[in-house]
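Residues per chain are reported as follows:
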Amino acid sequence: MTKQSLQVRVLDPRIGDTIPLPEYATDGSAGLDLRACLDQPLTLEPGQTELLKTGLAIHIGDPSLAAMILPRSGLGHKHGIVLGNLVGLIDSDYQGELMVSCWNRGKTPFTVEAGERIAQLVLVPVVQAEFELVDSFESSDRGAGGFGSTGKH
Ligand SMILES: O=c1ccn([C@H]2C[C@H](O)[C@@H](COP(=O)(O)OP(=O)(O)OP(=O)(O)O)O2)c(=O)[nH]1
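Fair warning: this is a prediction, and the values are worked out from it, not measured in the lab. (Residues numbered from 1 in each chain as written. Predicted model: local features only at pLDDT ≥ 70, side-chain atom pairs only at ≥ 80, totals over all residues. Heavy atoms only, no water.)

Some thoughts on the side chain of S101
Basically, it comes down to this: Comment: elements are numbered from the N terminus, with helices defined as DSSP H or I runs of at least four residues and strands as E runs of at least two. Residue contacts follow a heavy-atom distance rule, with two residues in contact if any of their heavy atoms lie within 4.5 Å.
Within the fold, S101 resides in strand β8 (residues 97-104). Contacts of S101, omitting those with residues within four sequence positions, involve T49, E50, L51, V82, L83, G84 and N85.

Okay, structure coming up:
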């Protein structure tokens with residue numbers, strides 16, 4: 001499998017030392033685990049949202065690519081720790097620190113430890129649209145029917 005080269009800057013000396021660089025957990029993993037680059041453990045109370053540093057910057061560079069920050073399933077399902085922005089979109093020209101908005105949507109406090117895996121980063125292909133203004137569309141099977149128009153729900 002061909003891998004996409006990705007420029008990464010380490011912004012905190014602990015990355016690559018006490019906090020591992022992001023890595024794919026298995027050969028088939030789609031996401032790179034992002035870790036919390038914290039000075040001390042941080043307790044998120046129920047309903048609380050905090051923007052957490054990762055200590056890393058990436059520059060994707062190619063506008064036909066982007067990256068998405070997605071929640072980790074176990075953290076979200078078992079502990080209610082998801083993303084305050086639901087999904088983070090990293091533009092190909094962004095060069096700042098990767099930040100993770102952590103939201104405790106659960107009912108109990110959750111403590112994030114320094115170096116803990118808090119989210120995952122997925123590289124995705126992007127096609128930019130160029131508008132072609134038209135007065136009407138060619139007819140299609142669905143037409144303008146949306147939101148449950150094909151069945152009961
Ligand atoms: O979870 C996230 C989401 C975004 N970003 C960075 C990368 C992205 O390229 C930049 C801007 O994100 P976005 O365009 O979603 O933010 P905005 O609120 O629309 O602000 P802007 O005016 O900066 O576009 O912030 C993160 O580090 N983490």
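Structure's up, so let's keep going.
Concerning the sheet that holds strand β7 (residues 88-90)
What counts, and what does not: Paired strands, in this sense, are two strands between which DSSP finds at least two bridges. Orientation is described by axes fitted as lines to C-alpha atoms, over the contacting stretch for helices, and by angles from 0 to 180 degrees between their N-to-C directions.
Reading across the sheet, the four strands line up as β2-β10-β5-β7 and stay open at both edges, with antiparallel pairing between neighbours. The sheet is open, and its two edges are formed by β2 (32-35) and β7, each paired on a single side. Strand-to-strand twist of the sheet, defined as the mean angle between neighbouring strand axes without regard to direction, takes the value 30 degrees. Judged from the seven bridges that link them, strand β5 (residues 65-71) and strand β10 (residues 117-125) form a sheet pairing that is antiparallel. Its bridge partner lying in β10, I69 is registered against L121.

Some remarks on the site of the ligand
Keep this limit in mind: Definition of nearness: a residue and a molecule or strand are near each other if at least one heavy atom of the residue lies within 4 Å of the molecule or strand. Polar contacts, as used here, are pairs of N or O atoms within 3.5 Å; protein pairs need one atom able to donate a hydrogen and one able to accept it. Residues neighboring in sequence count only if both atoms are side-chain atoms. Only the protein chains shown count as cover for residues, and the accessible areas themselves come from Shrake-Rupley with a 1.4 Å probe. Note on residue classes: Ala, Val, Leu, Ile, Met, Phe, Trp, Tyr, Cys and Pro are nonpolar, Asp, Glu, Lys and Arg are charged, and everything else, Gly too, is polar.
Every residue lining the ligand is accounted for by I69, N85, G88, L89, I90, D91, Y94, E97, L98 and M99. A distance of 3.0 Å separates an oxygen atom of the ligand from a polar side-chain atom of N85. Notes on the ligand: free accessible area 570 Å², of which the protein chains cover 48%. At the level of elements, β7 and β8 are the ones that each hand at least two residues to the shell around the ligand. Residue composition of the shell around the ligand, by class: six nonpolar, two polar and two charged.

Notes on the UniProt feature "domain: dUTPase-like" (unreviewed entry) in the protein chain
Formally: UniProt positions are given in the numbering used here, feature names are shortened, and annotations may be inferred rather than shown by experiment.
When the UniProt feature table is mapped onto this chain numbering, "domain: dUTPase-like" (unreviewed entry) sits at residues 19-151. Secondary structure content for residues 19-151 is 5% helix and 38% strand, and the end C-alpha separation is 50 Å.

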